[in-house]
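# Residue-level structure breakdown
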Amino acid sequence: MRLEDEQHYLGAALMQIAENDRFSSINPLVMNGQKLKNAFLINETAFLFLKYRHKGEAKSYRFHFSADHLTSIEMIGGKDTSRVFVGLVCLEDRQVCCLDLEQLTAMMHTRNGPGINQDADYTVSVMAEDNRMFRVFGRETGGNYQHDEVKIARNRFPECILT
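Just so it is clear, the model here is predicted, and its values are computed rather than measured.

## Notes on the layout of surface pockets
Any space left empty among the atoms is revealed by the rolling of a water-sized probe across them. Of the voids in this model, the largest pocket is the one considered here, and its volume is about 200 Å³. What lines the largest pocket is a set of 13 residues, among which Y9, A12, A13, V89 and R94 lie closest to the centre. If you list the elements that add at least two residues to the lining of the largest pocket, you get α1 (5-18), β5 (84-90) and β6 (95-100). Looking at which element gives the most residues to the lining of the largest pocket, the answer is α1, with 6 residues. For the lining of the largest pocket, the class distribution of residues is 8 nonpolar, 3 polar and 2 charged.

Shown next, in the form of structure tokens:
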């Protein structure tokens, strides 16, 4: 079977999890009887969605989220969203920027606030400057930045998922 690019790029992130002493299991994430693409259940307690990107012209990584994808991510955790994570694989920097659901929705103003289009697609931009924390911004696709930057430690992944 041919190895697809996403299997190659996302597999590197999954290897970091699997090589950790706290790792015990990984399974595909199933919702309403269907496997979700690039979504995993880690150690039976954490939900992980993975995306990968090459660095763009603006020296940032831009990750696109459709309205449907965001809705799926928000629904997974049910009432306990503290164990839902989005891993953004930044290929040229060879690192994963890991957001929890609270951080992601804060950047989207939870998509329910005044003036927020709940049916809109969103873009999360990750700035990966040398020797600095990741700087992450969320915005409605085609719109202006809607939230102040969030700073994410480069060594957060995979520990945040496994603790």
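Further notes follow.
## A look at the pattern of salt bridges
Considering all chains together, one arrives at 9 salt bridges under this definition. Between E129 and R132 there is a salt bridge, with the nearest N and O atoms lying 3.5 Å from each other. Look at R132 and you get exposed, because its relative accessible area is 52%. Here the residues in one salt-bridge network are E129, R132, R135, E149 and K151, joined through shared partners.

Conventions and cut-offs
- Residue indices follow the written sequence of each chain, beginning from 1 at its first position.
- Note on the predicted model: pLDDT of at least 70 is required for a residue's local features to be given, and 80 or more for side-chain atom pairs to be given and counted; whole-chain, interface and lining totals, by contrast, use all residues.
- Water and hydrogen atoms play no part in the side-chain values, which are based on all heavy atoms of the structure.
- Within this scheme a cavity is a closed region of a 1 Å grid, computed over the protein atoms alone, that accommodates a 1.4 Å probe without allowing it to escape, whereas a pocket is open but has protein on both sides within 12 Å along at least five of seven lines; lining residues each have an atom within 4 Å of a point.
- Grid points are joined across faces, edges and corners, and a volume is the space filled by probe spheres set on the points.
- Secondary structure elements follow DSSP: runs of H or I of four or more residues count as helices, runs of E of two or more count as strands, with numbering from the N terminus.
- Polar here means any residue outside two lists: the nonpolar Ala, Val, Leu, Ile, Met, Phe, Trp, Tyr, Cys and Pro, and the charged Asp, Glu, Lys and Arg; Gly therefore counts as polar.
- Salt bridges are defined by distance alone: a side-chain nitrogen of Lys or Arg within 4 Å of a carboxyl oxygen of Asp or Glu.
- Accessibility here uses a 1.4 Å probe with only protein chains present; expressed as a share of the type maximum, an area under 20% marks a residue as buried, one over 50% as exposed, and anything in between as partly exposed.

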